[in-house]
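These are the residues of each chain, in order.
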Amino acid sequence: DRDWWVENSIQPTARYDEASGLIEITGVRNFQWRGRKDFTPAWEDRSFQLANANSLDLIIEPLGDSEYFAHSMLSFGFGEEGRVIISVEVRREKGEDFGLLPGLYGQFELMYQVLDECDALTLRALDPKANLYIYPVAATPQFIRDLFVDMLQEANSLGEKPRFYHSLRSNCTTKLFDHMNQVIDRPLAYRKDVLFPSMAGKLLAEMDWLEGDLPYDQAKLQAR
């Protein structure tokens, strides 16, 4: 319990009823953004039938012109029930600003944000210098369901046992691949394109995990 930035102040929690297949999430952030510091805060409770999970997008926002560092998120689609984004982030206290170097030395807590898609994408689109890439992932419905549940279980665990963010070992992308490794038969080894988020789209292309048959360079242009 600390003096968090408003946008980091609510830690989401989820409840899954296996009998009904219903997932109930408390603390889904749905801010209305007019500027980086001009917003109307709001959090909502949302429910999804796990059986309706049918699409997955990888969203990448490079940090400036960096070929290595970026922020990445996963967008889960539930058909007519809509979409929700899970974003692994630093949980900043007031007075703290994110930096890669302090992120190496346990200066930031780790949090899993569950976000309305309009919240997450509008916030990033407000920066005129930002590039945003949305890659549709070729994944089976079962993979998507297992991944969604695994990530929500981790979000719940952080409410009981907080942990630190790490700029290389425990960042937005390495955590995503940690979760993928929990639900695939052949886990991914840690390598450069796992450690560096800007390269995650290329890694998916090499693994044939991107929807469509375009070469990676063309798929990247289409994803922007």
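Everything below is about the structure printed above this text.
A quick note: this is a predicted structure, and the numbers were derived from the prediction, not measured.

(A) Region of interest: the pattern of salt bridges. One pass over the structure, following the stated rule, counts 14 salt bridges. A salt bridge links Glu24 to Arg15; the nearest nitrogen and oxygen atoms lie 3.0 Å apart. Classification of Glu24 by relative accessible area gives partly exposed; the value is 33%. Judged by relative accessible area, which is 49%, Arg15 ranks as partly exposed. Where Asp116 meets Arg46, a salt bridge forms, and the shortest distance between an N and an O atom there is 2.8 Å.

(B) Focus on the nonpolar core. Ile25, Leu58, Phe76, Phe148 and Met151 are the most contacted members of the largest nonpolar core, which totals 44 residues. With sequence-adjacent residues up to four places away left out, Met151 is seen in contact with Leu74, Phe76, Ile86, Val88, Tyr112, Leu176 and His179.

(C) Region of the structure containing the pairing of strand S10 (residues 133-136). Of the two faces of S10, only one is covered, namely that formed by Tyr133 and Tyr135; the face formed by Ile134 and Pro136 stays uncovered. Relative to S10, strand S6 (residues 55-62) runs antiparallel, the two being bridged by 4 bridges. When the sheet's bridge partners are listed, Leu58 is paired in S10 with Tyr135.

(D) Quick look at helix H2 (residues 141-160). Taking 1.5 Å per residue, 20 residues should reach 28 Å; H2 reaches 29 Å between its end C-alpha atoms and fits that length. Listed in full, the buried residues belonging to H2 are Phe143, Ile144, Leu147, Phe148, Val149, Asp150, Met151, Leu152, Glu154, Ala155 and Leu158.

(E) Looking closely at the packing of aromatic side chains. Counting across every chain of the model gives 10 aromatic pairs. When the ring of Phe31 is compared with that of Trp43, the centres are 5.0 Å apart and the planes differ by 85 degrees; the resulting orientation is edge-to-face. Placement of Phe31 in the loop between strand S2 (22-29) and strand S3 (32-35) and of Trp43 in strand S5 (residues 43-49) is noted, with a sequence separation of 12 residues between them. By way of ring pairs, the aromatic residues Phe31, Trp33, Phe39 and Trp43 are connected into one cluster. When the ring centre of Phe31 is taken as origin, the NZ or CZ atom of Arg29, which lies over that ring, is 5.0 Å away.

(F) Summary view of the pairing of S6. Counting buried residues in S6 gives 7 out of 8 residues, a clear majority hidden from the surface. As paired strands, S6 and strand S7 (residues 70-77) are joined by 8 bridges and run antiparallel to one another. Bridge pairing links Pro62 to Ala70 in S7.

What counts and how
- Sequence order as written defines residue numbering, which begins from 1 separately in each chain.
- Given that the model is predicted, a residue must reach a pLDDT of at least 70 before its local features are reported, and side-chain atom pairs must reach 80 or more before they are shown or counted; all residues, however, enter totals for whole chains, interfaces and linings.
- Note that water and hydrogens are dropped before the side-chain values are worked out from all heavy atoms of the structure.
- The term salt bridge refers to a side-chain nitrogen of Lys or Arg lying within 4 Å of a carboxyl oxygen of Asp or Glu.
- Working definition: with a 1.4 Å probe on protein chains only, accessible area under 20% of the residue-type maximum means buried, over 50% means exposed, and in between means partly exposed.
- As used here, the term nonpolar core means buried Ala, Val, Leu, Ile, Met, Phe, Trp, Tyr and Cys residues forming a set that is joined through side-chain atoms within 4.5 Å.
- Contacts: residue pairs with any heavy atoms within 4.5 Å of one another.
- Strands are runs of DSSP state E lasting at least two residues, helices are runs of H or I lasting at least four, and both sets are numbered from the N terminus onward.
- Strand pairing requires that DSSP identify at least two bridges connecting the strands.
- One less than the residue count of a helix, multiplied by 1.5 Å, gives the span that helix is expected to have.
- Only rings of Phe, Tyr and Trp enter the pairing, Trp through its six-membered ring, and a pair is recorded when the two centres are within 6.5 Å. The plane angle decides the type: under 30 degrees is stacked, over 60 is edge-to-face, the rest tilted.
- Sitting over a ring, as applied to charges here, requires NZ of Lys or CZ of Arg to be within 6 Å of the ring centre and within 35 degrees of the ring normal.

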